[in-house]
Amino acid sequence: MAYKSIDDVVKDLEKTGQLVRIREEVDPNLVMAEIQRQAYARKLGAIFFERVKGSRFPAVSNLFGTVERTNFIFRRTLKNVSAVVSLKSDPLLALHPLRLLRAAAAALHALPLPSLKRAAVQWGECKLEDLPQIKSWPDDGGAFITLPQVFSLDPKKPSLLKSNLGMYRIQLSGGDYIPNEEIGLHYQIHRGLGAHHANAIAANKPLPVAVWVGGPPAHTFAAVMPLPEGLSELTFAGMFAGRNFRYKKQDGFVISSDADFCILGEIALDQLKPEGPFGDHLGYYSLRHDFPFLRVKKVYHRRNAVWPFTVVGRPPQEDTSFGHLIHEVTASLVPKEIPGVKALQAVDEAGVHPLLLAVGKERYVPYAERRPMELNTIANRILGFGQCSLAKYLFLVAEEDDPQLDVNNTPAFFRHLLERFDPENDLHFQTRTTMDTLDYSGEGINKGSKLVIVACGKKKRTLGRSLPQCSLPPDFGAVKFIAEGILAVSGPQWRSEMQATDLSDAKRLAAAFQNTQGFPLVVLCDDAEFVSASFDNFLWATFTRSNPSHDVHGIGEFTTNKHFGATVGIVIDARIKPHHAPALAVDPSIRSLASEILERALRQNR
């Protein structure tokens, strides 16, 4: 039977031993979030909070805490939906009877259906202050909704099948918002809601927006799913839930009948208010910036409503499971949507958007010495595809050099790339372009640069496997081995006046490695011990703390006719700089309290 609400999911997980109940009252100010982080790290079951301090509603987190549990929740529909998506990528697959049957089974639930009676979510009304006020990190600007489904219709074409459903950040309290009347709405660039907002401004009319929380888990997943053109989120939600999406229209709003909670409001067209700070999925705080906000009209909830939430922070966190599920559903679409691409990975450990790895085809001149040509064309296609346009670094290699190379094996991919790329020709920068709203390594919000590195052909170097002999300037610290061909070096604290000269720290470091072979990638950092402690640390620190145009320097660099190249390799300056957002950290007393509560709950659940 398909889930109709979060309560259905909770009961199913408890019946199958995948739920931990916390019966004592828990403070939503920092404590609930830390319990979630610890539960995720320990791969525990979903965490059900029976008593949330200050709220009459229970809450649940860690629903998607493991890939296995995520697959369990969608066990009845995952294969059917995957069949639908694969048919879009290759219609000839319809000749396979089983795949066709699965696609047909999913299609039965594709069409949204109006609720003829009162919607389940309209069972009761409450105020914003009655909702669980969950604050995740010490410097967050207030409580946030972390699993919202934000729905809007295009004012020009108000069709359900042309609507937008996205997971945009909602600030529930704090800041300059009027309590119980206003909530913050943070949407980033390249989001469908932005187009609807622009059309509403052009028409000089407020934009009705509904914020749904809970309901079938498929509705939450539909809000984050990068769907192919022509497939509505509501259609996908119905297919993935195994139950048609139910809705009700009221005063220009669309209500999700099966949601646990529904907030109705209008975007104020001519006003912005500061939103944030918020501890985000890159592992740093998003700072306060002016964003739109909603003037709230109604807050509905269903009977036995349960408030689902998650916590984001330095990956991996619970939202990592969404990435695995997205890949499982859409992997077959990538070659169809981006011609020439075999596989693509947004690297979760690097914060997703900062780093893309891809495998493509190089077929332009098979009769000549192989060098990147078609790969350069493919790189432009990738950076023009949906949210891939937010990528800061794109590393692209040729399938023909190693058909077995797995794009999801990040260390192996780096080894393959570093063995083959030619730093004289294969470094391609885009400067003064857009960057992910949440990334503070650039020159300002949404302002940054990109670096594309392409590689194909025979191996050009043997990568070093031990520390090389080199003489560093006296103000540099430890040199640490990260992986084959990659080193970390502790440098002096970043100084703006030094970076403005030709004697910058990164350039001095590059000069020290000019005669060193086998290490085409050197990371200048604050703490080489930390960066080299794991490959995950290397990915996170290097690619979240650097802006390519400013922080990538050549070892033996040159510029010819506006082309930047290097004879040996590159130095990436990944030190913390004054304009960076602060990294997230947990209060030790909160960590200890959360651990005690979780241990008591585990004993009671045995």
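Here, every reference points to the structure presented above.
Please read all numbers here as calculations on a predicted model, not as lab measurements.

Visitor: Lay out the sheet that holds strand E2 (residues 46–52) in plain terms, naming residues and giving numbers.
Guide: The sheet built from four strands is open, its strands ordered E1-E2-E3-E20 with mixed pairing. Pairing within the sheet leaves two strands with one partner each, and these edge strands are strand E1 (19–26) and strand E20 (307–308).

Visitor: Explain the packing of aromatic side chains to me, and be specific about the residues and the numbers.
Guide: Within the structure shown, the criterion is met by 28 aromatic pairs. Centroid distance Phe 64 to Phe 74: 6.4 Å. Interplanar angle 10 degrees. Geometry classified as stacked. One end of the pair, Phe 64, is in the loop between strand E3 (59–61) and helix H3 (67–73); the other, Phe 74, is in the loop between H3 and helix H4 (78–89), with ten residues separating them in the sequence. Across this residue pair, the class does not change: Phe 64 and Phe 74 are buried. Ring centres of Trp 212 and Phe 245 lie 5.4 Å apart, and the angle between their planes is 35 degrees; on these two criteria the pair is classed as tilted. You can see Trp 212 sitting in strand E11 (residues 207–213) and its partner Phe 245 sitting in the loop between helix H8 (233–241) and strand E12 (246–250), a full 33 residues away along the chain. Here Trp 212 and Phe 245 have matching classes, each one buried.

Visitor: Give me the packing of helix H7 (residues 217–224) against helix H9 (residues 320–330): which residues, what numbers.
Guide: The N-to-C vectors of H7 and H9 enclose an angle of 80 degrees; their axes lie 11 Å apart at closest approach. In this view, H7 runs roughly perpendicular relative to H9, as classed from their interaxial angle. The segment H7 lies against H9, with Thr 220, Phe 221 and Val 224 engaging Phe 322, Leu 325 and Ile 326. For the contact of H7 with H9, the class distribution of residues is five nonpolar, one polar and no charged.

Visitor: Outline the pairing of strand E27 (residues 486–490), supporting the account with residue identities and numerical values.
Guide: Of all five residues that make up E27, five are buried, and the element is covered over most of its length. Residues Ile 486, Ala 488 and Ser 490 line one face of E27 and the alternating positions Leu 487 and Val 489 line the opposite face, and both faces are buried. Strand direction decides the pairing type here: strand E26 (residues 479–483) and E27, joined by four bridges, are antiparallel. Residue pairing for E27: Phe 481 is matched across the bridge by Leu 487. In sequence, E26 turns back onto E27 through a hairpin of two residues, with Gly 485 there showing a positive phi of about 85 degrees. Relative to strand E28 (residues 521–525), E27 runs parallel, the two being bridged by five bridges. Within the sheet, the bridge partner assigned to Ser 490 lies in E28 and is Cys 525.

Visitor: How would you summarise the side chain of Ser 256 if you had to cite specific residues and measurements?
Guide: Tracing the sequence through the fold places Ser 256 in strand E13 (residues 253–256). Judged by relative accessible area, which is 0%, Ser 256 ranks as buried. Excluding residues that lie within four positions of it along the chain, Ser 256 makes contacts with Val 121, Trp 212, His 219, Phe 245 and Arg 246.

Visitor: Talk me through the layout of surface pockets; I want residue IDs and the actual numbers.
Guide: Considering only enclosed or pocket space, the second largest pocket measures out at about 360 Å³ in volume. What lines the second largest pocket is a set of 16 residues, and nearest its centre among them are Arg 370, Arg 371, Pro 372, Cys 456 and Lys 460. The residue makeup of the lining of the second largest pocket, split by class, is three nonpolar, four polar and nine charged.

Visitor: Account for the pattern of salt bridges, naming residues and giving values.
Guide: Applying the stated criterion to the full structure yields 29 salt bridges. Notably, a salt bridge pairs Arg 575 with Asp 573, separated by 2.9 Å at the nearest N-O pair. Take Arg 575: its relative accessible area is 0%, and that puts it in the buried class.

Visitor: Would you mind going over helix H11 (residues 374–383) in detail, with residue names and values included?
Guide: Every buried residue belonging to H11 is among Glu 374, Leu 375, Ile 378, Ala 379, Ile 382 and Leu 383, and all of these are buried. Relative to the axis of H11, the buried residues are bounded by an arc of 165 degrees and lie together on one face. The secondary structure elements touched by the buried residues of H11 are strand E21 (341–346), strand E22 (355–360), strand E23 (393–398), strand E24 (427–434) and strand E25 (447–455).

Visitor: Explain the state of the cysteines to me, using residue names and the numbers behind them.
Guide: All chains considered together, the criterion is met by zero disulfides. Here Cys 126 stays free of any disulfide, with the sulfur of Cys 262 as its closest cysteine sulfur at 11 Å. Given the relative accessible area of 13%, Cys 126 is considered buried. With no disulfide of its own, Cys 525 has Cys 470 as its nearest cysteine by sulfur position, at a separation of 14 Å.

Visitor: Run through the pairing of E1, naming residues and quoting values.
Guide: Every other side chain in a regular strand lies on the same face of the sheet, so the side chains alternate between the two faces. Pairing of E1 with E2, which is carried by six bridges, proceeds in the parallel orientation. Looking across to E2, one finds that Ile 22 is bridged to Phe 49. Regarding topology, helix H2 (residues 31–41) serves as the crossover connection from E1 to the parallel E2, and that connection is right-handed.

Visitor: Tell me about empty space enclosed by the protein, residues and numbers included.
Guide: A complete count under the given rule lists four cavities of 30 Å³ or more for this structure. If you add up the space inside the largest cavity, you get close to 80 Å³. Among the residues forming the lining of the largest cavity, the class breakdown is five nonpolar, three polar and two charged. Together, Phe 395, Phe 414, Leu 417, Leu 418, Phe 421, Ile 453, Pro 520, Leu 521, Ile 570 and Ile 572 line the second largest cavity. Of all elements in the fold, only helix H12 (410–420) and strand E30 (563–573) reach the threshold of two or more residues within the lining of the second largest cavity. Here the lining of the second largest cavity takes three residues from H12, the largest share from any one element.

The rules we used
The written sequence of each chain sets the order in which its residues are numbered from 1. This being a predicted model, a pLDDT of at least 70 is required before a residue's local features are given, and a value of 80 or more before pairs of side-chain atoms are given or counted; all residues contribute to the totals for chains, interfaces and linings. Working from all heavy atoms in the structure, the side-chain values ignore hydrogens and water. Strands are labelled as partners when DSSP assigns at least two bridges between them. Only DSSP runs of H or I reaching four residues or more are called helices, and only runs of E reaching two or more are called strands; each is numbered from the N terminus. Only rings of Phe, Tyr and Trp enter the pairing, Trp through its six-membered ring, and a pair is recorded when the two centres are within 6.5 Å. The plane angle decides the type: under 30 degrees is stacked, over 60 is edge-to-face, the rest tilted. Note on exposure labels: buried denotes an accessible area under 20% of the residue type's maximum, exposed denotes more than 50%, and partly exposed covers the range between, all computed with a 1.4 Å probe on protein chains only. Under this scheme, a helix contributes an axis fitted over its contacting stretch, all axes are lines through C-alpha atoms, and angles between N-to-C directions fall in the 0 to 180 degree range. Every angle not falling under 35 degrees, over 145, or within 65 to 115 is termed oblique; those three ranges are roughly parallel, roughly antiparallel and roughly perpendicular. Two residues form a contact once any of their heavy atoms are found within 4.5 Å. Under the convention adopted here, Pro, Cys and the residues Ala, Val, Leu, Ile, Met, Phe, Trp and Tyr are nonpolar, Asp, Glu, Lys and Arg are charged, and Gly plus all remaining residues are polar. Both cavities and pockets are sets of points on a 1 Å grid over the protein atoms alone; in a cavity a 1.4 Å probe fits but cannot get out, in a pocket the set is open with protein on both sides within 12 Å along at least five of seven lines, and lining residues sit with an atom within 4 Å of a point. Grid points are joined across faces, edges and corners, and a volume is the space filled by probe spheres set on the points. Salt bridge criterion: a side-chain nitrogen from Lys or Arg within 4 Å of a carboxyl oxygen from Asp or Glu. Within this analysis, the arc is defined by the directions that extend from the helix axis to the C-beta atoms. Disulfide assignment relies on a single distance test, namely cysteine sulfur atoms paired within 2.5 Å. By convention, orient the strands away from the viewer: a clockwise path from the first strand over the helix to the second makes the crossover right-handed.

Keep in mind these values describe shape, not function.
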